[in-house]
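Coordinates in review
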Amino acid sequence: MIINNPSNDESVILSKDVLVLNTLAMGVAIQILAKITGEEIEAWKDYIQSKASEQYRQLSAEKIQQIVDTLEILQPPDES
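Residues numbered from 1 in each chain as written. Predicted model: local features only at pLDDT ≥ 70, side-chain atom pairs only at ≥ 80, totals over all residues. Heavy atoms only, no water.

Points about the overall build of the protein chain
Check the secondary structure of the protein chain and you find three helices and two strands. Start at the N end of the protein chain and walk to the C end: the helices and strands fall as β-β-α-α-α. Going through the 80 residues of the protein chain one by one, you find that 6% of them count as buried. For the protein chain, the share of sequence-separated contacts (at least 6 apart) that also reach a separation of at least 24 residues comes to 40%. (Helix = DSSP H or I, 4+ residues; strand = E, 2+ residues; numbered from the N terminus. Buried < 20%, exposed > 50% of the residue type's maximum accessible area, 1.4 Å probe, protein only. Contact = heavy atoms within 4.5 Å.)

Right, here's the structure in full:
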């Protein structure tokens, strides 16, 4: 679940499950890239982090808010 903190428009609160699932998903993607290309996992991690930071710096405040507003959050699997 994503909740905008009404007292601070710069904060977004994610559940631990969502944070961990997104972190694991990124890790899996990096592992796949490393396996396919033969490059080290650390090299891919550094590259992706650098590219993401570069793209983030180019976003306007409005575009950032648009991304947050339309973000589809991975939900943890239903254990029932």
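A short note on helix 1 (residues 16-37)
Compared with an ideal rise of 1.5 Å per residue, which puts 22 residues at 32 Å, helix 1 spans 31 Å between its outermost C-alpha atoms and is within 8% of the ideal. Every buried residue belonging to helix 1 is among V18, I30 and A34, and all of these are buried. End-on, the buried residues of helix 1 take up no more than an arc of 145°, which puts them together on one face. Of the exposed residues in helix 1, the ones pointing more than 90 degrees away from its buried face are L24, K35 and I36. Taken together, the buried residues of helix 1 touch strand 2 (12-14) and helix 2 (41-57). Looking one or two residues past helix 1, G38 carries a phi angle of roughly 80°, positive in sign. (Expected span 1.5 Å × (residues − 1). Arc of directions from axis to C-beta.)

Structural notes on a nonpolar patch on the surface
Taken together, the side chains of V12, L14 and L19 make up a nonpolar region of the molecular surface, amounting to roughly 240 Å² of accessible area. Of the residues examined, V12 reaches a relative accessible area of 36% and is grouped as partly exposed. (Patch = residues over 30% accessible without salt bridge, like charges linked within 9 Å, V, L, I, M, F, W, Y side chains within 5 Å. Areas by Shrake-Rupley, 256 points an atom, 1.4 Å probe, with all protein chains shown as cover. Salt bridge = Lys/Arg side-chain N within 4 Å of Asp/Glu carboxyl O.)

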